[in-house]
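So the chains spell out like this:
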Amino acid sequence: MGRRALILGPPGAGKGTQAAMLCKAIGIPHMSTGEMLRDHVSRGTDLGARAKVIMEAGDLVPDDIVIAMVKERLTAEDARCGFLLDGFPRTAPQAEALDREVADQPLEVVINLEVDEEELVGRMLARGRADDTEETVRNRFVVYRRQTEPLIEHYEKQGLIRTVDGLGTIEEVFGRICTALAS
Ligand code: AMP
C-alpha cells in the first residue's frame, strides 16, 4: 500500500483509532493535528491557549497555524519512510498547502471513512471528551460538511480516494481498511 496517506471522515468516525492501528501495523508515523493541538493545550503554550477556546466550540483552528505545524512535522526524519495524516487537511487551503508541500513525493492514498451522522453524534457523546458537548458535536458536523467534505472531491480528482464503511467493530472496520488498501 501507499506509505504517504491520509484519512478523512466526519468527526467521531474513528479516524484516530484506525489511524493508530494502521500506523502500528505498517510502521509509519501517525500525524494527528488534533493530538498536536491537545498537546499544546495540556502544556499550556500560547498556541494552546488560543486553540483551546476554538476547539471547545468545535470550530477550526486557523489554517496558518495548523499548516505550519504539519509542515514542521513532515520535515522530521521519521516522515521520510511515509506518514498517515489524521485530521488534516480540513479545509481547501490546507489541502492546497499540503499538495505543494508533498509535490515531489505526492500522496499515494486517501482513506475516506464513511459513517452516518446520527450514529456518530451518539458515539461522540458517549466518549465524553471535554470538547464533546452536544452543541460542540453538532457544530463540528456543520464545519465538517461545509469545509472538509468537499475535500473528498479534491482527492477524487487525484484518483486517491478509497471509501470504507466505518460502521461496525474496530476490528471489522480495520479489516475493511486493510482490504481497501491492498486493492
Ligand atoms: P480531532 O482530534 O481531529 O477531532 O481535532 C480536534 C479539534 O482540533 C478540532 O475540532 C479542531 O478544533 C482542531 N483541529 C484539529 N485538526 C485541525 C485542522 N486540520 N484544522 C483546524 N483545526 C483542527
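Structure: above.
Residues numbered from 1 in each chain as written. Predicted model: local features only at pLDDT ≥ 70, side-chain atom pairs only at ≥ 80, totals over all residues. Heavy atoms only, no water.

(A) How the structure looks around the state of the cysteines. One pass over the structure, following the stated rule, counts zero disulfides. Cys23 carries a free sulfur, and the closest cysteine sulfur to it, the one in Cys81, is 9.7 Å from it. Relative accessible area serves as the criterion here: at 6%, Cys23 is assigned to the buried category. (Disulfide = S-S within 2.5 Å. Buried < 20%, exposed > 50% of the residue type's maximum accessible area, 1.4 Å probe, protein only.)

(B) Representation of helix H4 (residues 63-74). The end-to-end C-alpha distance of H4 is 16 Å, a good match for the 16 Å that twelve residues give at a rise of 1.5 Å each. When we look at burial in H4, the residues that qualify are Ile65, Val66, Ile67, Met69, Val70 and Leu74. Looking at the packing, one finds that the buried side of H4 touches strand S2 (30-32), helix H2 (33-43), helix H3 (46-57), strand S3 (83-86) and helix H5 (92-101). (Helix = DSSP H or I, 4+ residues; strand = E, 2+ residues; numbered from the N terminus. Expected span 1.5 Å × (residues − 1). Contact = heavy atoms within 4.5 Å.)

(C) Spatial organisation of the site of the ligand. Inspection of the region around the ligand gives 15 residues, with Thr33, Asp59, Gly87, Arg90 and Gln94 positioned closest. One of the side-chain nitrogen or oxygen atoms of Thr33 is found 2.7 Å away from a nitrogen atom of the ligand. Looking at the shell around the ligand, the element that brings in the most residues is H2, giving four residues. For the shell around the ligand, a count of residues per class yields six nonpolar, four polar and five charged. (Near = heavy atom within 4 Å. Polar contact = N/O pair within 3.5 Å; in protein donor to acceptor, adjacent residues only side chain to side chain. Nonpolar A, V, L, I, M, F, W, Y, C, P; charged D, E, K, R; others polar.)

(D) Looking closely at the packing of helix H6 (residues 117-127) against helix H7 (residues 134-148). Closest axis-to-axis distance for the H6/H7 pair is 10 Å, and the angle between their directions is 140°. Put simply, H6 runs oblique to H7. The handedness of the crossing between H6 and H7 comes out as right-handed. In this structure, H6 uses Glu117, Glu118, Leu120, Val121, Met124, Leu125 and Arg127 to contact H7, whose residues at the interface are Glu134, Val137, Arg138, Arg140, Phe141 and Arg145. Split by residue class, the contact of H6 with H7 holds six nonpolar, no polar and seven charged. (Axes fitted to C-alpha atoms, helices over the stretch in contact; angles between N-to-C directions. Parallel < 35°, antiparallel > 145°, perpendicular 65-115°, else oblique. Left-handed = near helix turned anticlockwise from the far one by under 90°.)

(E) Quick peek at the sheet that holds S3. With parallel pairing, the five strands of this open sheet are ordered in space as S2-S3-S1-S4-S5. In this open sheet, the two edge strands, each paired with only one partner strand, are S2 and strand S5 (161-165). For this sheet the average axis-to-axis angle between neighbouring strands, irrespective of direction, equals 20°. (Pairing = 2+ DSSP bridges.)

(F) Just the pairing of strand S1 (residues 4-8), in detail. Where burial is concerned, most of S1 is hidden: five out of the five residues are buried. Side chains Arg4, Leu6 and Leu8 project from S1 onto one buried face, and the interleaved Ala5 and Ile7 project onto a second face that is buried too. Strand direction decides the pairing type here: S1 and S3, joined by four bridges, are parallel. What sits directly across from Ala5, in S3, is Leu84. Bridge count for S1 against strand S4 (residues 109-114) is four bridges, and the pairing is parallel. Paired with Leu8 across the bridge in S4 is Asn112.

(G) Seen up close, the side chain of Thr33. Along the chain, the position of Thr33 falls in helix H2. Given the relative accessible area of 3%, Thr33 is considered buried. Look past the residues within four positions of Thr33 in its chain and what remains in contact with it is Met69, Val70, Asp86, Gly87, Phe88 and Arg90.

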